[in-house]
Amino acid sequence: MRVGVLAVQGAVREHLSILSQLGIDGRRVKKVGELSGLSGLILPGGESTTISLLSRGHLLTKVGELVSKGFPVFGTCAGMILLAGEIEGQEDAYVQAIDITVARNASGRQVDSFETMLCVKGVADDFPAVFIRAPYITRIGNGVTVLAKHERAAVMARQGNVLVASFHPELTSDMRIHRYFVEMVKEHEEKEGIL
Ligand code: GLN
């Protein structure tokens, strides 16, 4: 199984390392052509404005087309912002793959970064979550399931083939959330009769 990591900017290497530890063939994706042959895609943390500006060849538009056909995607932090339907205080959103509104930098500045244990539905009672200038989910649309909360804010959610997290599971050695995404990818392949 081949899973791509959007490799424009951000924590790309860390996601690739977890994928390889899970025995998955992880590929860097910088251009539209590199999306072909993939079973799923991870959009990493970094800086969403920078990632969107540097995404050449309508990369994000193509990701949106694939997502609407059921292609599994997982966005962490800036990746979640890129997938959100709406961004507070911003006229335009990017891929708009999941019906949520996000508030950027809601967890504070870089110096306010923190790690906490989260209960993630169906995944773990004790997931170590690292928050760095993290977005919080401020509106949950119909059909979206909240998978984790920090204090009152929703910080992880899923709508069908789209998974998003405010924090960085790739910055810890805990691979359970990546394993959960790999299961989503497998289910999709089975449904499509690819496996
Ligand atoms: N605050 C960043 C943004 O708005 C996201 C931070 C992160 O990915 N760690 O894109």
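Just above, that's the structure.
Residue numbers here run from 1 along each chain, matching the order of that chain's written sequence. At least 70 in pLDDT is required for a residue's local features to be given in this predicted model, at least 80 for side-chain atom pairs to be given and counted, and no such filter applies to totals for whole chains, interfaces and linings, which use all residues. Working from all heavy atoms in the structure, the side-chain values ignore hydrogens and water.

Colleague: Describe the environment of glutamate 189, with residues and values.
Modeller: To qualify as a helix, a DSSP run of H or I must reach at least 4 residues; to qualify as a strand, a run of E must reach at least 2; elements of each kind are numbered from the N terminus. Mapped onto the secondary structure, glutamate 189 falls in helix H5 (residues 176-192). You can call glutamate 189 buried: its relative accessible area is 6%. Remark: exposure states derive from per-residue accessible area (1.4 Å probe, protein chains only) relative to the maximum for the residue type, with buried under 20%, exposed over 50%, and partly exposed in between.

Colleague: Go over the site of the ligand, please, and point to the residues and values.
Modeller: Only heavy atoms are used to decide nearness, and a residue is near a molecule or strand if one of them lies within 4 Å of it. Residues in close proximity to the ligand include Gly45, Gly46, Glu47, Ser48, Cys77, Ala78, Ile81, Arg104, Asn105, Ile132, Arg133 and His168, which together make up its full environment. Between N or O atoms, a polar contact is any pair within 3.5 Å; within protein, one atom must be a potential hydrogen donor and the other a potential acceptor, and residues adjacent in sequence are included only when both atoms are from side chains. Measuring from an oxygen atom of the ligand, one finds a backbone N or O atom of glycine 46 at 2.9 Å. The separation between an oxygen atom of the ligand and a polar side-chain atom of arginine 104 is 2.7 Å. Using a 1.4 Å probe, the Shrake-Rupley method yields the accessible areas, and only the shown protein chains count as cover for residues. Considered on its own, the ligand offers 300 Å² of accessible surface; in the complex 97% of this is hidden by protein. Residues belonging to the shell around the ligand are distributed by class as follows: 4 nonpolar, 5 polar and 3 charged. The classification used treats Ala, Val, Leu, Ile, Met, Phe, Trp, Tyr, Cys and Pro as nonpolar, Asp, Glu, Lys and Arg as charged, and all other residues, Gly among them, as polar.

Colleague: Let's hear about the side chain of serine 55: which residues, and what values?
Modeller: Position of serine 55 among the secondary structure elements: in the loop between helix H2 (48-54) and helix H3 (59-68). From its side chain, serine 55 meets the backbone oxygen of isoleucine 51 in a polar contact 2.7 Å long. Note on contacts: a residue pair is in contact if any heavy atoms of the two residues lie within 4.5 Å. Those residues in contact with serine 55 that lie beyond four places of it in its chain are Val8 and Leu60.

Colleague: Explain the pairing of strand S11 (residues 153-159) to me, using residue names and the numbers behind them.
Modeller: The buried fraction of S11 is high, at 5 of 7 residues. Judged from the 5 bridges that link them, strand S10 (residues 145-150) and S11 form a sheet pairing that is antiparallel. Looking at the pairing, lysine 149 lines up with alanine 154 of S11. Looking at chain direction, S11 and strand S12 (residues 162-165) are connected through 4 bridges and run antiparallel. One bridge is not enough; two strands pair if DSSP finds at least two bridges between them.

Colleague: Which residues make up H3, and what are the values?
Modeller: Within H3 the residues assigned to the buried category are Leu59, Leu60, Val63, Leu66 and Val67. The buried residues of H3 occupy an angular sector of 115° when projected down its axis, which confines them to one face. Downstream of H3 by one or two residues, glycine 70 has phi in the positive range, about 105°. Think of the arc as the fan of directions from the helix axis to the C-beta atoms.

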